[in-house]
Amino acid sequence: QVQLVESGGGLVQAGGSLTLSCAASGSISSINGMGWYRQAPGKQRELVAKITPGGYTNYADSAKGRFTISRDNAKSTVYLQMNSLKPEDTAVYYCNADLIFPVVTGVYEYWGQGTQGTVSS
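Since we're looking at a predicted model, the values are computed, not measured.

Draft legend 1. Examining the pattern of salt bridges more closely. Under the criterion given, the structure shown has 4 salt bridges. In this structure, Arg38 and Asp89 form a salt bridge, with 2.9 Å as the shortest nitrogen-oxygen distance. One end of the pair, Arg38, is in strand E4 (residues 30-39); the other, Asp89, is in the loop between strand E8 (77-82) and strand E9 (91-100), with 51 residues separating them in the sequence. Each member of the pair, Arg38 as well as Asp89, is classed as buried. We note a salt bridge from Lys64 to Asp61, for which the minimum N-O separation is 3.1 Å. A residue is classified by how much of its surface remains accessible, and Asp61, at 63% relative accessible area, is exposed. The network of salt bridges with common partners includes Arg38, Glu46, Arg66 and Asp89.

Spelled out as structure tokens, the structure:
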């Protein structure tokens, strides 16, 4: 069974930090892009950051300078280091990955179950 399992959410005060992790598991040949999205109450899901297998990154304007995305290809894991957190960063954070499987052609998009990040003022 293929899964993206997230960890690292929690409650932090404004100005603090959180580190999220997401590990892909199952019969996967390779992973293309990996990323993090978030959804705040009453808002649409939005991109936070993405990273290619080679390490090229793309950030939402709200994340630039405060968040850092990285990945460990050997562990099929993507990380999101979030610093200088603000109350408006409060959201459910979702891991996203484009997966390639050994028995079928194509690239398939998978999502994690989400992890709550709450920033208190």
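Draft legend 2. View of the packing of aromatic side chains. Scanning all chains against the criterion turns up 3 aromatic pairs. Arranged with centres 5.7 Å apart and planes meeting at 45 degrees, the rings of Phe101 and Tyr108 form a pair that is tilted. For Phe101, a relative accessible area of 12% puts it in the buried group. Judged by relative accessible area, Tyr108 falls into the partly exposed class, the value being 35%. Each ring, one from Phe101 and one from Tyr110, has its centre 5.8 Å from the other, and the planes form 65 degrees; the classification is edge-to-face. Assessed through its relative accessible area of 27%, Tyr110 is described here as partly exposed. Among the aromatic residues, ring-to-ring pairing joins Phe101, Tyr108 and Tyr110 into one connected group. The ring of Tyr94 carries Arg45 above its face, with NZ or CZ at 3.7 Å from the centroid. The aromatic ring of Trp111 is capped on one face by Arg45, whose charged end is 4.7 Å from the ring centroid.

Conventions we followed
Residues numbered from 1 in each chain as written. Predicted model: local features only at pLDDT ≥ 70, side-chain atom pairs only at ≥ 80, totals over all residues. Heavy atoms only, no water. Salt bridge = Lys/Arg side-chain N within 4 Å of Asp/Glu carboxyl O. Helix = DSSP H or I, 4+ residues; strand = E, 2+ residues; numbered from the N terminus. Buried < 20%, exposed > 50% of the residue type's maximum accessible area, 1.4 Å probe, protein only. Phe/Tyr/Trp six-rings, centres within 6.5 Å; stacked < 30°, edge-to-face > 60°. Lys NZ or Arg CZ within 6 Å of the ring centre and 35° of its normal.

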